[in-house]
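Each chain, letter by letter, is given below.
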Number of protein chains: 2
Amino acid sequence: MSTTTDSGLRNGVDTATLFATLDAVRQAPEAARFQFRARNRWVSGTHSRTTIDDFFGVGEERAHEAPTVHDVDHPKVLVGGDNAPTPVEYLLHALAGCLTAGLVNIAAARGIELTEVSSTVTGDIDLNGILGLDPTVRNGFEGITVGFRVAGDAPAEELAGLVERSRARSAVYDMLVNPVPVTVEVTTG
Amino acid sequence: MSTTTDSGLRNGVDTATLFATLDAVRQAPEAARFQFRARNRWVSGTHSRTTIDDFFGVGEERAHEAPTVHDVDHPKVLVGGDNAPTPVEYLLHALAGCLTAGLVNIAAARGIELTEVSSTVTGDIDLNGILGLDPTVRNGFEGITVGFRVAGDAPAEELAGLVERSRARSAVYDMLVNPVPVTVEVTTG
């Protein structure tokens, strides 16, 4: 592999740093242990607000360049205030962002210049589940569909292969199609 | 059940409308079929941008009061631009927002006045998975922990019970602990 001699930006990705990072983690696998966090506070009704700021990675506590604040709510037709997207829409957004970032990194590593990556992610849900009206209906989406449009300087087969490789390496995709252990703890008073 | 005679706001929830909505869906279960959507476009590198606007529900196409735009990126230590939170942080945010909205609705239905609901959601991930360096490591979070703090005019046991009931009825929690079918389609050129 002579890939670490690659340099410069491709698709906005610094491929030299990308390959150097892979080499560094290969040498020190514990650097790849990360913890991400979201801190949420209820506002009113179904409206709450999350701050995303600090995380742990590469052996130490870190923070984003700037903290960001994200509101979430239910729409009015579901007795919410519609101050922000719903939780399940943020989940679709997370999936789109994860698959897209992976796809662009993989294209850069493979020397493919992209001109467009866009996607529409849809999720179908029967609210008889979360409303407790039908015990045979699950709470979450019955299914999610991701429709990608990818354009760049490679044959259609190679462009489609980027999506497939990204899917196979996506953190969010993995957490949807495979179970994740979730622990819920409560302090009261 | 005399609950539909309840009226007024509790915790910012219009409980009369909440119970009326439940009754309406009980009468016409197909009203509960919703489709949510996220439309994403790549910006540069690992940075992309999602617009959330239209959805389908209660038998017709609808839209939020206003469309919203949400950026997503990777941090610099992961060769991103750190223009926004990571996809996996948005997933933690979605979980917090879903559990909190459910909890507040359930408290309102049970006649409990809340004074605080806050949570910290953390996810631990070993990036040797998504970096393709260790085939025994999964791509997603190895585990997620939700720490809730709940205060209100009910005994600790009842407040903790709100969290438990919300967990049992949460769309996002369901999609993390149970598999969701995800279909990925590609158009190129």
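Note that the structure is a prediction, hence the values are computed from the model and not measured. (Residues numbered from 1 in each chain as written. Chains lettered and ligands numbered in written order. Predicted model: local features only at pLDDT ≥ 70, side-chain atom pairs only at ≥ 80, totals over all residues. Heavy atoms only, no water.)

> Is there a simple way to think about the nonpolar core in this case?
Nonpolar side chains in soluble globular proteins generally cluster together in the buried interior. With 97 residues, the main nonpolar core has Leu-95, Leu-114 and Ile-144 of chain A together with Leu-95, Leu-114, Phe-141 and Ile-144 of chain B as its most contacted residues. Here Leu-114 of chain B is in contact with Trp-42 of chain A together with Asn-11, Leu-103, Val-104, Ala-107, Val-150, Ala-151, Gly-152, Leu-159 and Leu-162 of chain B, once residues within four sequence places are set aside. (Core = buried A, V, L, I, M, F, W, Y, C linked by side-chain atoms within 4.5 Å. Buried < 20%, exposed > 50% of the residue type's maximum accessible area, 1.4 Å probe, protein only. Contact = heavy atoms within 4.5 Å.)

> Explain the sheet that holds strand β7 (residues 143-152) of chain A here, please?
The strands making up a sheet associate through backbone hydrogen bonding, with each pair oriented either parallel or antiparallel. Read from one edge of the open sheet, six strands run β5(B)-β4(B)-β3(B)-β6(A)-β7(A)-β8(B), paired in mixed fashion. Of all the strands in the sheet, just β5 (60-72) and β8 (182-188) of chain B have a single pairing partner and so form its edges. Neighbouring strand axes in the sheet, compared pairwise and without regard to direction, differ in orientation by 15° on average. Against the sheet, helix α3 (residues 156-168) of chain A contacts β6 (114-126) and β7 of chain A together with β8 of chain B, and its axis sits at roughly 155° relative to β8 of chain B. (Pairing = 2+ DSSP bridges. Helix = DSSP H or I, 4+ residues; strand = E, 2+ residues; numbered from the N terminus. Axes fitted to C-alpha atoms, helices over the stretch in contact; angles between N-to-C directions.)

> Explanation requested: the relation of the copies chain B and chain A in the structure shown.
Mapping one chain copy onto the other needs a rotation about an axis and a shift along that axis. With an RMSD of 0.0 Å, the operation that places chain B on chain A is a rotation of 180° combined with a shift of 0.0 Å along the axis. The relationship between the two copies is best expressed as a two-fold rotation axis. Most of the interface of chain B is mirrored in chain A, where 100% of its interface residues again form contacts. (Least-squares fit on C-alpha atoms with pLDDT ≥ 70 in both.)

> Can you walk me through helix α3 (residues 156-168) of chain B in this structure?
Quick reminder: α-helices carry 3.6 residues per turn. Residues three or four places apart thus point the same way. Over its 13 residues, α3 of chain B extends 19 Å from the first C-alpha to the last, a length consistent with the 18 Å expected when each residue adds 1.5 Å. All buried positions along α3 of chain B are accounted for by Leu-159, Leu-162, Val-163 and Ser-166 of chain B. Viewed end-on, α3 of chain B has its buried residues packed into an arc of 90°, placing them on one side of the element. Packed against the buried residues of α3 of chain B are β8 (182-188) of chain A together with α2 (87-109), β6 (114-126) and β7 (143-152) of chain B. (Expected span 1.5 Å × (residues − 1). Arc of directions from axis to C-beta.)

> For this particular structure, what's the right way to read the pairing of strand β3 (residues 33-44) of chain B?
Within a regular beta strand, the side chains point alternately toward one face of the sheet and then the other, so they alternate between its two faces. With nine bridges joining them, β6 of chain A and β3 of chain B adopt antiparallel strand pairing. Among the inter-strand pairings, Ser-119 of chain A is bridged to a residue of β3 of chain B, identified as Asn-40 of chain B. The pairing of β3 of chain B with strand β4 (residues 47-57) of chain B spans six bridges and is classified as antiparallel. The residue of β4 of chain B that forms the bridge with Asn-40 of chain B is Thr-50 of chain B. Between β3 of chain B and β4 of chain B, which follow one another and run antiparallel, lie two residues, and Gly-45 of chain B among them has a positive phi close to 55°.

> I tried to follow the environment of Ala-109 of chain A on my own but got confused; where do I start?
Residue and element names in this part refer to chain A. In this fold, Ala-109 is placed in helix α2 (residues 87-109). For the pair Ala-109 and Ile-130, spaced 21 residues apart in sequence, the C-alpha separation works out to 43 Å. Ala-109 has contacts with Thr-15 and Phe-19, leaving out every residue within four places of it along the chain.

> When you look at the pattern of salt bridges in this model, what are you seeing that I'm missing?
One side chain can pair with another of opposite charge once the charged atoms of both are near each other. Following the criterion strictly, the structure yields 24 salt bridges over all chains and no others. Two residues, Asp-126 of chain B and Arg-33 of chain A, come together in a salt bridge whose shortest N-O distance is 3.6 Å. One end of the pair, Asp-126 of chain B, is in strand β6; the other, Arg-33 of chain A, is in strand β3 (residues 33-44), on a second chain. For Asp-126 of chain B, a relative accessible area of 9% translates into the label buried. Taken together, the shared-partner salt bridges in this structure form one network comprising Arg-37, Arg-39, Asp-54 and Glu-61 of chain A. (Salt bridge = Lys/Arg side-chain N within 4 Å of Asp/Glu carboxyl O.)

> What is the right way to read the pairing of strand β4 (residues 47-57) of chain A from this model?
All names here are of chain A. Both β4 and strand β5 (residues 60-72) contribute to a ladder of nine bridges, which runs antiparallel. When the bridges of β5 are listed, Phe-56 appears paired with Glu-61. If you look at the hairpin formed by β4 and β5, you'll find two residues sitting between the two strands, and Val-58 has a positive phi there, around 50°.

> Which parts of the structure should I look at to understand the interface of chain B and chain A?
Much of the literature gives interface size as the accessible area that the parts lose upon coming together. On the side of chain A, 124 residues touch chain B, which itself brings 124 residues to the contact. Each partner contributes to the roughly 11,200 Å² buried at the junction of chain B and chain A, and carbon and sulfur atoms together form 61% of this total. For chain B, the biggest contributors to the area lost against chain A are Phe-36, Trp-42 and His-93 of chain B; these three give 7% of the whole. Where chain B packs against chain A, one counts 10 salt bridges. (Buried area = accessible area lost by both parts, 1.4 Å probe.)

> Looking at this structure, how should I read the sheet that holds β5 of chain A?
In space, the six strands of this open sheet follow the order β5(A)-β4(A)-β3(A)-β6(B)-β7(B)-β8(A), with mixed pairing throughout. Edge positions in the sheet fall to β5 and β8 of chain A, since each of these pairs with one other strand and no more. Pairwise comparison of adjacent strand axes, ignoring direction, gives a mean angle of 15° for this sheet. Against the sheet, α3 of chain B engages β8 of chain A together with β6 and β7 of chain B, with an angle of about 155° to β8 of chain A.

> How do you make sense of the packing of aromatic side chains when you look at a structure like this?
In this description, an aromatic ring pair is defined by two values, namely the gap between the centres and the angle between the planes. All names here are of chain B. Enumeration according to the criterion identifies seven aromatic pairs over all chains in this entry. Aromatic pair Phe-34 and Phe-36: ring centres 5.8 Å apart, planes at 25°, arrangement stacked. Given the relative accessible area of 3%, Phe-34 is considered buried. According to the relative accessible area criterion, Phe-36 is buried, its value standing at 3%. Measuring from ring centre to ring centre gives 6.3 Å for Phe-34 and Phe-55, while their planes differ by 15°; the resulting arrangement is stacked. Of this pair, Phe-34 sits in strand β3 while Phe-55 sits in strand β4; the two residues are 21 residues apart in sequence, bridging distant segments of the chain. Residue classification places Phe-55 among the buried positions, given a relative accessible area of 2%. (Phe/Tyr/Trp six-rings, centres within 6.5 Å; stacked < 30°, edge-to-face > 60°.)

Any functional reading would require information that these geometric values do not contain.
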